[in-house]
Amino acid sequence: MRVSVFGLGYVGCVSAACLASMGHEVIGVDVSRVKVDLVNDGRAPVVEERIGELVAEVVRTGALRATDDVREAVANSEVSLVCVGTPSEPNGSLCTTYLERVTEQIGTALADRRGRGGRHTVVFRSTMLPGTCLNLLVPILEKCVGGTAGVDVGVAVNPEFLRESTSVRDFFDPPKTVIGELDPASGDVVAALYDGLPGEVFRVPVPTAEAIKYADNAFHGLKIGFANELGAICQALGVDSHQVMDVFLADRKLNISPAYLRPGFAFGGSCLPKDLRSLVHAAHRADVSVPILSHVLPSNSDHLQRAVELVERTGKRRVGLFGLSFKPGTDDLRESPLVELAERLFGKGYDLRIHDANVNLSRLLGANREYIETRLPHLAHLLADSVDEVLEHAEVCLVGTRDPAVLAALPHGDGPVIVDLVRLPDAEARRAEPGYVGLAW
C-alpha cells in the first residue's frame, strides 16, 4: 500500500520505517525540515534500537522518503497515518492542537484530489481520549473534505503499543493490534497494513480503541507504583521485596491473570479490607508514604457510593436489593459491600427489601452474626423470603447477584428500574431498554 505517515517522532519514524520494511511505499511527513532531511539521508531522527539500520535500508531501496509537503504526500498515498504528539496542557488536559492542525491539512489536501485516486483512509495513531476522533476530528475532516466520513473518506483509530528503546521489536511482535473502525472498509485498510504480524487483532468501535490505550498505560503506571510502594514497605520491615514479588508473580491464577479485572461492584469480605488497613498502618508506622495503597479503600468506598447515587437519581423510594453476602455462594456478611450499600440506603430513609437465598438469620453464627447485628440490626425486617416479594415491592431493583432465580425473574421493559451491579448476562440487550442502568458500563 502507499502510506503517508504524519509526524516523524518516535512513533511516526518507527511506524514509517517498519511499514516500509514490510513492503509498503511510505512517505514520512513532518514540519521539521531537519527531520525530513535526516530521513532522506537515510538517518533516523530518533535514537532507538535497530531504527538506524532499518531507516538506512528502506531509504536506500526507495521504500521510504520524507517531505514537508502535505498535499504531495496525500496525493501520493491511499492511507494517512497520523502520529503527531498529544502532550499535556499545564492543567493536565490533553493538547489536541497538533491533531486538529494535521487533520485540517489532510482534509484540505483530500478536497483538492476528491474524485481522483479512490477513497483515502485517515488513521489516527496518536493517543487521544475517547470522543476526540468522532466529536472533534471527524467534523474537521468532513468540513475540509466536503464529504462524509465513512463514505467519502475512511477513518480509523489505531493506537500503538510501542515501548521506547524496544519499539522496532514491539512493532514486529505486538501484544495486540487494535483497530477502531468507523466503518468496515476503513478497518479493512488498517488490517491490511499489518497483515502477517503476530498477535490478536481487535476490531472495535472508535471510542473503545481510544480508551484501550489509556487502560493500558494507567495499569502500567499503577503496577509500577504498586511494586515500588510494596518494595518500600518491605525494606522498612526488613523483608526482601524481590523475593516477595517473585512468589507474587508466580501466581498466574489470581495475580497475573484476568482475575479481578472486570468492572463490577465494590470489593469486601473478611480479608481484603482488613489486610489493606493493616499494611497501610504498618507503612505509616514506619514513616513510609504509600499514596496508592492508602487510597485503595477510599476508592472502593467511592465506587459503592456511585450505586447509592444511581438510586437517588431515580427519585423513587421503594428499593429492592438482590444479594447481601460479600461473594456468591456464601452467607459471609463481614464487610460485604452489599451490606454497606443496604446500610447507606436504609440510613437515607429508603423503603428497602432484600433477598439473598444464602442468607438466613437463624443460621448466622459467631463473628458473622455479630457483624450484621452491629451494622444492620434491622435486617430481620428487611429480608424477603422470595424474589417475587422483592419485585412486588420495588420501584428500583439493585442486582448484586447472578443467582439464576433472580436472573430468570427480572422483568424486561416496563417495571422497576434495574440498577445492575454485576453486569448481567443480558446487559447488552438491556442497555437498549428504558429503566436499565449499569454501574460501570
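Scroll up to find the structure.
It should be emphasised that the depicted structure is a prediction, and the values quoted were computed from it without experimental measurement.

A.B. asks: Please set out the overall build of the chain residue by residue, giving values where relevant.
C.D. replies: From N to C terminus, the chain includes 19 helices and 13 strands. Overall, the C-alpha framework of the chain stretches about 80 × 60 × 40 Å when taken along its three principal axes. For the chain, the residues scored as buried account for 45% of the 441 residues in total. Taking contacts inside the chain between residues at least 6 apart in sequence as the whole, the part at least 24 apart equals 68%. Accessible surface, the chain as shown: approximately 21700 Å² in total, 53% of it carbon and sulfur. Treating the 44 positive side-chain charges of the chain as one cloud and the 58 negative ones as another, the clouds have centres 1 Å apart.

A.B. asks: Account for the packing of aromatic side chains, naming residues and giving values.
C.D. replies: Evaluated as defined, the whole model comprises 3 aromatic pairs. Measuring from centroid to centroid gives 5.4 Å for Phe171 and Phe172, while their planes differ by 80°, and the two rings are edge-to-face. Through pairs of rings, three or more aromatic residues link up here, namely Phe171, Phe172 and Tyr194. The residue whose ring lies beneath Lys176 is Phe161, and the NZ or CZ to ring-centre distance is 4.2 Å. Between the NZ or CZ atom of Arg317 and the centre of the ring of Tyr350, over which it lies, the distance is 4.0 Å.

A.B. asks: Please set out the pairing of strand E5 (residues 120-124) residue by residue, giving values where relevant.
C.D. replies: Counting buried positions over the 5 residues of E5 gives 5, a clear majority of the element. Covered by surrounding structure in E5 are His120, Val122 and Phe124 together with Thr121 and Val123, the residues of both alternating faces. Relative to E5, strand E4 (residues 79-82) runs parallel, the two being bridged by 4 bridges. Looking at the pairing, Val79 lines up with Thr121 of E5. Taken together, the 5 bridges between E5 and strand E6 (residues 153-157) define a ladder with parallel strand orientation. Across the sheet, the residue bridging to Phe124 is Val157, located in E6. For the crossover that starts at E5, traverses helix H6 (residues 132-145) and ends in the parallel E6, the hand is right-handed.

A.B. asks: Explain unusual backbone geometry to me, using residue names and the numbers behind them.
C.D. replies: Most peptide bonds take the trans configuration, and most residues that are not glycine carry a negative phi. Look at Ser165: it is not a glycine, yet its phi comes out positive at around 90°. Of note, the phi angle at Asp287 is positive, near 60°, even though the residue is not glycine. Owing to a relative accessible area of 72%, Asp287 belongs among the exposed residues under this scheme.

A.B. asks: Explain helix H13 (residues 296-314) residue by residue, including any values.
C.D. replies: For H13, built from 19 residues, the straight-helix expectation of 27 Å at 1.5 Å per residue is met to within 8% by its first-to-last C-alpha distance of 29 Å. For H13, the set of buried residues is Asn300, His303, Leu304, Ala307, Val308, Leu310 and Val311. The buried residues of H13 occupy one face: seen down the axis, they fall within an arc of 150°. One or two residues past the end of H13 sits Gly315, with phi positive at roughly 75°.

A.B. asks: I'd like a description of the state of the cysteines, backed by residues and values.
C.D. replies: Evaluation of the coordinates by the stated rule reveals 0 disulfides. Note on Cys133: no disulfide assigned, nearest cysteine sulfur contributed by Cys83 at a separation of 14 Å. Taking the relative accessible area as the measure of exposure, Cys133 reaches 0% and is therefore buried.

A.B. asks: Tell me about the sheet that holds strand E9 (residues 318-322), and please be specific about residues and values.
C.D. replies: Taking strand neighbours across the sheet as the criterion, the 5 strands line up as E10-E9-E11-E12-E13 in an open arrangement whose pairing is parallel. What marks the edges here is a single partner per strand, and that holds for strand E10 (351-355) and strand E13 (436-438). Here the strands of the sheet are splayed against their neighbours by 20° on average, with no regard to which way each runs. Running over the sheet, H13 touches E9, strand E11 (396-399), strand E12 (417-420) and E13 and is turned about 165° from E11. Sheet strands touched by helix H14 (residues 337-347): E9, E10 and E11. Its angle to E9, the strand with the most contacts, is close to 170°.

Scoring rules and cut-offs
- Residues numbered from 1 in each chain as written.
- Predicted model: local features only at pLDDT ≥ 70, side-chain atom pairs only at ≥ 80, totals over all residues.
- Heavy atoms only, no water.
- Helix = DSSP H or I, 4+ residues; strand = E, 2+ residues; numbered from the N terminus.
- Buried < 20%, exposed > 50% of the residue type's maximum accessible area, 1.4 Å probe, protein only.
- Contact = heavy atoms within 4.5 Å.
- Areas by Shrake-Rupley, 256 points an atom, 1.4 Å probe, with all protein chains shown as cover.
- Lys, Arg positive; Asp, Glu negative; His and termini not counted.
- Charge placed at Lys NZ, Arg CZ, Asp CG, Glu CD.
- Phe/Tyr/Trp six-rings, centres within 6.5 Å; stacked < 30°, edge-to-face > 60°.
- Lys NZ or Arg CZ within 6 Å of the ring centre and 35° of its normal.
- Pairing = 2+ DSSP bridges.
- Right-handed = clockwise from strand over helix to strand, strands pointing away.
- Expected span 1.5 Å × (residues − 1).
- Arc of directions from axis to C-beta.
- Disulfide = S-S within 2.5 Å.
- Axes fitted to C-alpha atoms, helices over the stretch in contact; angles between N-to-C directions.

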